[in-house]
Amino acid sequence: MREKSKRARGAIDPGDIIIVEGQEYGRPYNGKKWLPNFWTIRRALRVDDITNNGTIHAHDKQRQRYLLNAIDEPPARYIVRIIRRRTA
């Protein structure tokens, strides 16, 4: 019989991959003048560490580090999906 997972539903562990969506600032040139714009960007991040106050330390494919704080209101980035790491 298969053993039940002890992990809570929706919990994130180190080694998991999370898909994060957030607003990023850019200044595209529209031909007449520069206009400030915000774009919605999705990134895949691998979780390195989670602190006890809810901050998630993660990095992307180029090893750029990100800090995601769950306490921010409204949050700067939203977690769209959690992809579990494989356990053998």
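Quick note: structure is the one above.
These lines cover the structure that appears in this document, whether it is placed above or below. (Residues numbered from 1 in each chain as written. Predicted model: local features only at pLDDT ≥ 70, side-chain atom pairs only at ≥ 80, totals over all residues. Heavy atoms only, no water.)

## Overview of the sheet that holds strand β3 (residues 55–59)
The five strands are arranged β4-β3-β2-β1-β5 in an open sheet whose pairing can be described as antiparallel. Each of the sheet's edge strands pairs with one partner strand only, and the pair in question is β4 (65–69) and β5 (77–83). Strand-to-strand twist of the sheet, defined as the mean angle between neighbouring strand axes without regard to direction, takes the value 40 degrees. With four bridges connecting them, strand β2 (residues 37–50) and β3 associate as antiparallel partners. Counterpart to R46 in the pairing with β3 is H59. (Pairing = 2+ DSSP bridges. Helix = DSSP H or I, 4+ residues; strand = E, 2+ residues; numbered from the N terminus. Axes fitted to C-alpha atoms, helices over the stretch in contact; angles between N-to-C directions.)

## Regarding the pairing of β4
Side chains of β4 alternate between two faces, with Y66 and L68 buried and R65, L67 and N69 left unburied. Examined bridge by bridge, β3 and β4 share five bridges and lie antiparallel to one another. The residue bridging H59 from the neighbouring strand is R65, located in β4. (Buried < 20%, exposed > 50% of the residue type's maximum accessible area, 1.4 Å probe, protein only.)

## Re the side chain of H59
Residue position: H59 is located in strand β3. Of note is the side chain of H59, whose polar atom sits 2.8 Å from the side chain of D48. Once residues lying within four places of it in the same chain are set aside, the contact partners of H59 are A44, L45, R46, D48, Q64 and R65. (Polar contact = N/O pair within 3.5 Å; in protein donor to acceptor, adjacent residues only side chain to side chain. Contact = heavy atoms within 4.5 Å.)

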